[in-house]
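Notes for the structure review
This is what each chain is made of:
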Amino acid sequence: MVADPGASPAQSPVPLWRSTGWLLLDMALVTTMQAIVKAEGETYPAVQLVFLRSLVGFISVAPLVWRHRAKLTNPSNIRGHLARVGFNSAALTFNFAAFAALPLALVTAIGFTRPLVVLAMAALMLGENVSRIRYLLAGISFLGVLIMVRPDAIPWNMGLVAAFGSVFFGSLAVVQTRRLAGEDTMVLMLFYTVGLTVLTAVPAAIVWVPIPWAEAPSIILVGVLAQLGQYCWLQAYQKQEARLLAPIGYLSIIFSGFAGWLYFGEVPSPSLWLGAAIVVLTTMLASPAERWLKRRARL
């Protein structure tokens, strides 16, 4: 996960090495989850895996759901919450489908484009001001995406559609979360967990593939690893400036590349590394470049 570099820590900062450790542990846990999803995705539909993942999360927060049941049954913006959960449900389902069909590192690299898609959506849907330098860097980043997916050599398939679909719906979820900025944080978290479980239950039931008892532990492990990863991510960002951790988050492609090679024999191509590097650099340079231009304009 990559947080908004402009965000500020909720509490006083802790040593960077400690927050980095939590973030690296999150990457290791989430990458392991992704590898399991890729392996199991050949047998089980993506929406079924998303439902089981969210069900584990629902069970883990059930006591909090009961404690805050009054707020959850009467939120101030029910349509906004439902839209956010719907976008996240679609994003996760597409993401799981992409991991099953594409190399882990490629899906991770395509996911790095989400901040730039959010940038465009925020300008169009929220009326946020976006500088010309950000649009320029977004265009350069798009070239990096073309280098990664190599449309001249890699035929478009449902895996690539799913990967970009995940970015699209994930970006919509971020924009919708901004619209709910005034909502209670606990309500946002719990409504997401409960809503994700409820919304994916019906489509999962329609395409359900029976799970043998021998494979049940690995399926359950997907949800457990996701929850543990979320805990580590929160530990990393709660007491540390997001601008310091955001660049570290891009190391997730190293984890994905290693896991893909170790478990599935996937060897990331030079074009993937080059394209990913372009996307990462343009994303990281956006805020510093904007600040430099503003200082130069004042001189």
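All values derive from a computational prediction rather than experimental measurement. As a convention, each chain's residues are numbered from 1 in the sequence order in which they are written. At least 70 in pLDDT is required for a residue's local features to be given in this predicted model, at least 80 for side-chain atom pairs to be given and counted, and no such filter applies to totals for whole chains, interfaces and linings, which use all residues. Side-chain numbers here rest on the full set of heavy atoms in the structure, without hydrogens or water.

**Quick look at the overall build of the chain**
Formally: For helices the rule is a DSSP run of H or I covering at least 4 residues; for strands it is a run of E covering at least 2, with both sets numbered from the N terminus onward. Computation of the radius of gyration draws on C-alpha atoms, with the globule rule given as 2.2 Å multiplied by the number of residues to the power 0.38. Any pair of residues with heavy atoms lying within 4.5 Å of one another is described as a contacting pair. For accessible areas, the Shrake-Rupley method is used with a probe of radius 1.4 Å. Any residue's cover is judged against the shown protein chains and nothing else.
A count of helical and extended segments in the chain gives 13 helices and 0 strands. The order of helices and strands in the chain, counted from the N terminus, is α-α-α-α-α-α-α-α-α-α-α-α-α. At 19 Å, the chain has a C-alpha radius of gyration in line with the 19 Å of a compact globule built from 299 residues. Overall, the C-alpha framework of the chain stretches about 65 × 50 × 40 Å when taken along its three principal axes. At a minimum sequence separation of 6, the contacts of the chain that also span at least 24 residues come to 91%. Looking at the chain as shown, the accessible area adds up to about 15500 Å², and 68% of this sits on carbon and sulfur atoms.

**Points about the packing of aromatic side chains**
What counts, and what does not: Stacked, tilted and edge-to-face pairs are distinguished by plane angle, under 30 degrees for stacked and over 60 for edge-to-face with tilted covering the rest, among Phe, Tyr and Trp rings (Trp via its six-membered ring) whose centres lie within 6.5 Å. Each residue's exposure class comes from its accessible area (1.4 Å probe, protein chains only) as a fraction of the maximum for that residue type: buried when under 20%, exposed when over 50%, partly exposed otherwise.
Per the stated rule, a full pass over the model turns up 7 aromatic pairs. Between tryptophan 22 and tyrosine 231 the ring centres are 5.8 Å apart and the planes differ by 85°, which places this aromatic pair in the edge-to-face class. Pair noted here: tryptophan 22 is in helix H1 (residues 16-40) and tyrosine 231 is in helix H10 (residues 216-238), with a separation of 209 residues, a long-range link. For tyrosine 231, a relative accessible area of 45% puts it in the partly exposed group. Ring centres of phenylalanine 258 and tryptophan 261 lie 5.8 Å apart, and the angle between their planes is 40°; on these two criteria the pair is classed as tilted. With phenylalanine 258 and tryptophan 261 both in helix H12 (residues 252-264) and 3 residues apart, this pair spans about one turn of that helix.

**Some words on the nonpolar core**
Inclusion rule: Here, the term nonpolar core denotes a set of buried Ala, Val, Leu, Ile, Met, Phe, Trp, Tyr and Cys residues that are joined through side-chain atoms within 4.5 Å.
Formed by 45 residues in total, the largest nonpolar core has its most connected members in Met33, Val37, Phe96, Leu106, Ile110 and Met148. Among the elements that make up this core, the one with the highest residue count is helix H5 (residues 104-111) (6 residues). When neighbours within four sequence positions are excluded, leucine 106 is seen to be in contact with Met148, Leu160 and Leu272.

**Some thoughts on a nonpolar patch on the surface**
Let me state the cut-off plainly: Patches were defined on residues exceeding 30% relative accessible area and lacking a salt bridge, with like-charge contacts within 9 Å and nonpolar side-chain contacts (Val, Leu, Ile, Met, Phe, Trp, Tyr) within 5 Å. Any Lys or Arg side-chain nitrogen found within 4 Å of a carboxyl oxygen on Asp or Glu counts as a salt bridge.
A surface patch of nonpolar side chains, amounting to about 680 Å² of accessible area, comprises Phe258, Trp261, Leu262, Tyr263, Phe264 and Val267. The residue phenylalanine 264 is located in helix H12 in this model.

**Structural notes on the confidence of the model for the chain**
Inclusion rule: The score called pLDDT rates the predictor's confidence residue by residue, from a low of 0 to a high of 100.
Residues with a pLDDT of 70 or more make up 93% of the chain, whose mean pLDDT is 84. Within the chain, helix H4 (residues 78-101) carries the highest mean pLDDT (92), whereas helix H11 (residues 242-249) carries the lowest (74). A low-confidence stretch, residues 1-10 stays under pLDDT 50, and its non-local contacts, those more than four residues away or across chains, total 24 contacts.

**Observations concerning the environment of methionine 284**
In this fold, methionine 284 is placed in helix H13 (residues 270-298). The class of methionine 284 is partly exposed, set by a relative accessible area of 36%. Along the primary structure methionine 284 and leucine 137 are separated by 147 residues, whereas in three dimensions their C-alpha atoms are 9.9 Å apart. Discounting chain neighbours no more than four positions away, the residues touching methionine 284 are Pro247 and Tyr250.

**Comments concerning H12**
Selection rule: Helices are assigned an expected span. That span is 1.5 Å times one less than the residue count. Here the arc refers to the set of directions running from the helix axis out to each C-beta atom.
The end-to-end C-alpha separation of H12 is 17 Å, in line with the 18 Å expected for 13 residues at 1.5 Å each. Every buried residue of H12 is accounted for by Ser252, Ile253, Ser256, Gly257, Ala259 and Gly260. One side of H12 carries all its buried residues, which in axial view fall inside an arc of 165°. A positive phi of about 70° marks glycine 265, the residue just after H12.

**Quick notes on the layout of surface pockets**
Worth spelling out the cut-off: Here a cavity is any set of points on a 1 Å grid over the protein atoms alone where a 1.4 Å probe fits but cannot get out, and a pocket is any open set with protein on both sides within 12 Å along at least 5 of 7 lines; a residue lines the site when it has an atom within 4 Å of a point. Grid points are joined across faces, edges and corners, and a volume is the space filled by probe spheres set on the points.
Space inside the second largest pocket adds up to approximately 230 Å³. If you trace the second largest pocket, you find 13 residues lining it, with Thr113, Val117, Phe142, Val145 and Phe164 closest to the centre. If you list the elements that add at least two residues to the lining of the second largest pocket, you get helix H6 (114-125), helix H7 (132-149) and helix H8 (158-179). Top contributing element to the lining of the second largest pocket by residue count: H7, with 6 residues.

**Some points on the packing of H5 against H12**
For clarity, the cut-off: Interaxial angle, 0 to 180 degrees, is taken between N-to-C directions of lines fitted to C-alpha atoms, where a helix line uses only the stretch in contact. Reported orientations rely on four angle classes, namely roughly parallel under 35 degrees, roughly antiparallel over 145, roughly perpendicular from 65 to 115, and oblique for the rest. Throughout, a crossing is termed right-handed when the near helix is turned clockwise from the far one, and left-handed when it is turned anticlockwise from it by less than a right angle. Residue type decides the class: Asp, Glu, Lys and Arg count as charged, Ala, Val, Leu, Ile, Met, Phe, Trp, Tyr, Cys and Pro as nonpolar, and the leftover types, Gly among them, as polar.
Taken N-terminus to C-terminus, the directions of H5 and H12 make an angle of 160°; their axes are 7 Å apart at the nearest point. Classified by the angle their axes make, H5 and H12 are roughly antiparallel. Here H5 and H12 pass one another in a crossing that is right-handed. Between H5 and H12, the residues in contact are Leu104, Ala105, Thr108 and Ala109 and Ser252, Ile253, Ser256, Gly257, Ala259, Gly260 and Phe264, respectively. Residues belonging to the contact of H5 with H12 are distributed by class as follows: 6 nonpolar, 5 polar and no charged.

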